[in-house]
Amino acid sequence: MSDIINPAAGGSAPRPVGKALTGQSGADAAPGTRGRTTITDSVVEKIVGMAAREVPGIHSLGSGMSRTLGAVADKVPGGRPSLSRGVKVEVGERQAAVDLDVVVDYGVAIVDIAADVRTSVITAVERMTGLEVVEVNITVDDVHLPDEEDDEESAGRVR
């Protein structure tokens, strides 16, 4: 007598014992199906901060108080400038939303610079993370005049 079951002859094929695997495995499986990638808010904030600072006409990021506190923190030995100062993001599974506080240089067209910042931020975030940027909200907090000292330089009274 034979142990082979012939499905065409009315028998049924033996079922595997245990839990069926739902993911793909093996050398033929695409790398995107072999795990999960999570991008945190802080990563996207740094990307946004760098992309915004690269736009000509942006003097700095952050509102007045955050710039002042940041300038003090930057002077602490071992401290590094915060790339995410003035940047807030919300990151979902496939999308991101960005809020920016900026200081522009005097004489630049604010509407034009805002469009340039949006383009730079959207391009950088989508290229580096694959997330769709659904909005970039920009608040212009100040205009830096040519004869003004930077907040970073005037943070302390004594030099």
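The rules behind each value
Think of each chain on its own: its residues are numbered from 1, step by step along the sequence as written. Thresholds applied to this predicted model are a pLDDT of at least 70 for local features of residues and 80 or more for the giving and counting of side-chain atom pairs; totals over whole chains, interfaces and linings are not thresholded and use all residues. Each side-chain value is worked out from all heavy atoms of the structure, with water and hydrogens disregarded. Under the scheme used here, helices are H or I runs from DSSP no shorter than 4 residues and strands are E runs no shorter than 2 residues, and both carry numbers assigned from the N terminus. A helix is expected to span 1.5 Å for every residue after the first. Throughout this description, buried means an accessible area under 20% of the type-specific maximum (1.4 Å probe, protein chains only), exposed means over 50%, and partly exposed covers the range between. A contact between two residues is defined here by any heavy atoms of the two lying within 4.5 Å. Within this analysis, the arc is defined by the directions that extend from the helix axis to the C-beta atoms. We define a nonpolar core as any set of buried Ala, Val, Leu, Ile, Met, Phe, Trp, Tyr and Cys residues linked to one another through side-chain atoms lying within 4.5 Å.

Topic: helix α1 (residues 41-53)
- For α1, spanning 13 residues, the distance from its first C-alpha to its last is 18 Å, which sits close to the expected 18 Å at 1.5 Å a residue.
- Three or more residues of α1 are buried, namely Val44, Glu45, Ile47, Val48, Gly49, Ala51 and Ala52.
- In this structure, the buried residues of α1 make contact with β1 (58-61), β2 (87-91), β3 (95-105) and α3 (110-129).

A word on α3
- Look at α3: 28 Å from first C-alpha to last across 20 residues, which is about the 28 Å you get at 1.5 Å a residue.
- Buried within α3 are the following residues: Ile113, Ala114, Val117, Ser120, Val121, Ala124, Val125 and Thr129. The buried residues of α3 occupy one face: seen down the axis, they fall within an arc of 130 degrees. Seen from the open side of α3, the exposed residues pointing more than 90 degrees away from its buried face are Val111, Thr119 and Arg127.
- The inward-facing, buried residues of α3 contact α1, β1, β3 and β4 (132-144).

Details of the nonpolar core
- By size, the foremost hydrophobic cluster in this structure holds 23 residues, and its most contacted members are Val48, Ile58, Val98, Leu100 and Val121.
- Of all the elements in the fold, those that place two or more residues in this core are α1, β1, β2, β3, α3 and β4.
- Each residue touching leucine 100, except ones within four places of it in the same chain, is listed here: Val48, Ala52, Leu61, Gly86, Val87, Val117, Val121, Val136, Asn137, Ile138 and Thr139.

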